[in-house]
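Architecture and fold: a report
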Amino acid sequence: MSDIPAEAGWRERGRALLPKDVTAARGVTPAIILVEPQLGENIGTCARAMGNCGLGDLRLVRPRPDHLTERARAASSGADAVLEQARIYDSTEDAVADLVHVYATTARRRDMMKRLVTPRQAGAEMRLALAAQPSQPAGILFGRERTGLENDDVALASAVMEIPLNPWFCSLNLAQAVLLVGYEWFTGLDETPSERPPERQSPLATQEELSGLYQHLERELDASGFLRVPEKRPGMVRNIRSIFARNGLSSQEVRTLHGIVRELRWGRRPDRPPRNSNGSNTPPDFHSGAGDADPE
């Protein structure tokens, strides 16, 4: 990543980050087989989707355009290696000849006795097959942009893969279909946690910093009369402190809250104390080890 110039565009960054040799993915990830694709741009966007999902084995059956045209390369958004190492076949039979498990993607039910699976189920099955010893290569068939797969193509598959979508409108373009299927494959292997804490630019505040904030706030609340009922004051102070204590404030956030409290106290009053050398203005009655800062 550090070797990529800061001014590089997204396409150049994609070329730099995607492995130059994607043939290592063959036999380790599913093959993506496009049957008679009609547009170079569609081949390019499919290559882009494959790069997104860590897939590198692209097979093209009788493609009408040259898959290495500038339009295809531009549409790939930097996934040039997938295009350059794609393999061309004269027939679907040749394209799947070395595969053990073949899935045919189609939105139309055929008069065939085929198992029907979702991309998620197919992804789980392919992970088991490819991890077996010896490995059992797998691939996914995608049909022509307008008409999809022909029955002869579907007949070669061991199962039909159907993407669950709105039954009243389930139209996808070629790259969308590749991306959805590839995503289910990729996320089955991905270990990204479903939730991560925010990345902090400032460290968490110490108890000393929090104590300084509490004292500053309570002093101003006393001065304003908010804590005027003596018997209620201890409970109210505890509640106020709990609000801030449970939120994991950073040191910068504590300084910002100091600034907010100060501004609420002094605002545009004519007797506002002069600002000190660092740009803040510390009132005569404010003595805290936590420091002071203007609101961000």
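Now for a description of the structure that goes with this document. Residue indices follow the written sequence of each chain, beginning from 1 at its first position. Local features in this predicted model are restricted to residues whose pLDDT is 70 or higher, and side-chain atom pairs enter the listing and the counts only when it is 80 or higher, whereas totals over whole chains, interfaces and linings include all residues. Only hydrogens and water are set aside when side-chain values are computed; all heavy atoms of the structure are taken into account.

Before going further, it helps to spend a moment on the sheet that holds strand β5 (residues 115-117). Hydrogen bonds between backbone atoms are what pair the strands of a sheet, whose relative direction is either parallel or antiparallel. The seven strands lie next to each other as β3-β2-β1-β6-β4-β7-β5, forming an open sheet whose pairing is parallel. Every other strand in the sheet has two partners, leaving β3 (87-89) and β5 as the edge strands with one partner each. The sheet shows a mean angle of 25° between the axes of neighbouring strands, taken without regard to direction. Alignment of strand β1 (residues 31-35) against strand β6 (residues 138-142), held across four bridges, turns out to be parallel. Bridge pairing in β6 links leucine 34 to phenylalanine 142. Taken strand by strand, helix α8 (residues 174-189) contacts β1, β4 (101-105), β6 and β7 (159-161), and its axis lies near 155° from that of β6. Should DSSP find at least two bridges between two strands, the strands are regarded as paired. A run of DSSP states H or I qualifies as a helix once it reaches four residues; a run of E qualifies as a strand once it reaches two. Both are numbered from the N-terminal end. Helix axes are fitted only over the stretch in contact, all axes being lines through C-alpha atoms; the angle between N-to-C directions runs from 0 to 180 degrees. Working rule for contacts: check all heavy atoms of both residues, and any pair within 4.5 Å makes them a contact.

A few words on the nonpolar core. Remark: nonpolar core denotes a set of buried residues (Ala, Val, Leu, Ile, Met, Phe, Trp, Tyr, Cys) joined through side-chain atoms within 4.5 Å. Summary of the burial criterion: residues with accessible area below 20% of their type's maximum are buried, those above 50% are exposed, and those between are partly exposed, where the area comes from a 1.4 Å probe applied to protein chains only. Among the nonpolar cores identified, the biggest contains 33 residues, and Ile32, Leu34, Leu58, Phe142 and Val178 are the most heavily contacted of them. Among the elements of the structure, β1, α2 (40-52), β2 (58-61), α4 (80-84), α6 (119-131), β6, β7 and α8 are those that each provide at least two residues to this core. Ranked by residues supplied to this core, first place goes to α8 with six residues.

Close contact between α6 and α8 brings their axes to 8 Å; oriented N to C, the two are set at 55°. For the element pair α6 / α8, the angle class is oblique. As for the relative orientation of α6 and α8, their crossing is right-handed in sense. Packed against α6, whose contacting residues are Pro119, Arg120, Gly123, Met126, Arg127 and Leu130, the element α8 presents Val181, Glu184, Trp185, Gly188 and Leu189 at the interface. When an angle is under 35 degrees it counts as roughly parallel; over 145 it counts as roughly antiparallel; between 65 and 115 it counts as roughly perpendicular; any other value is oblique. Handedness of a crossing follows from how the near helix is turned relative to the far one, being left-handed for an anticlockwise turn of less than a right angle and right-handed for a clockwise one.

With that settled, the discussion passes to the pattern of salt bridges. Only one rule defines a salt bridge in this text: a Lys or Arg side-chain nitrogen within 4 Å of an Asp or Glu carboxyl oxygen. What the rule picks out here adds up to 16 salt bridges. Across the pair glutamate 84 and arginine 73 runs a salt bridge whose closest N-O atoms are separated by 2.9 Å. Within this pair, whereas glutamate 84 is found in helix α4, its partner arginine 73 is found in helix α3 (residues 70-76), the two being separated by 11 residues in sequence. Note that glutamate 184 and arginine 120 form a salt bridge whose closest N and O atoms lie 3.1 Å from each other. You can see glutamate 184 sitting in helix α8 and its partner arginine 120 sitting in helix α6, a full 64 residues away along the chain. One network of salt bridges, with partners in common, ties together Glu36, Arg62, Arg144, Glu150 and Asp153.

Time to look at the pairing of β2. Residues Leu58 and Leu60 line one face of β2 and the alternating positions Arg59 and Val61 line the opposite face, and both faces are buried. Across four bridges, the pairing between β1 and β2 is parallel. Opposite isoleucine 33, over in β2, you have arginine 59 as the bridge partner. Consider the strands pointing away from the viewer: the crossover is right-handed when the path from the first strand over the helix to the second runs clockwise. Of the crossover connections in this fold, the one passing from β1 over α2 to the parallel β2 is right-handed. Here β2 pairs with β3 via three bridges, running parallel. Across the sheet, residue valine 61 finds its bridge partner in β3, namely tyrosine 89.

This brings us to a negative patch on the surface. Each patch is assembled from residues with relative accessible area greater than 30% and no salt bridge, linking like charges that lie within 9 Å and nonpolar side chains (Val, Leu, Ile, Met, Phe, Trp, Tyr) that lie within 5 Å. Using the Shrake-Rupley algorithm and a 1.4 Å probe, accessible areas are obtained, with residue cover drawn only from the displayed protein chains. By the counting scheme adopted, Arg and Lys are positive, Glu and Asp are negative, and His together with the chain ends is not counted. A charged residue contributes its charge at one atom only: NZ of Lys, CZ of Arg, CG of Asp or CD of Glu. Residues Asp90, Glu93, Asp94 and Asp152 make up a contiguous surface patch of negative charge. Summarising the element assignment, aspartate 94 is placed in helix α5 (residues 92-95). Its relative accessible area of 42% is what places aspartate 94 among the partly exposed residues.

So yeah, pure geometry; function would need other evidence.
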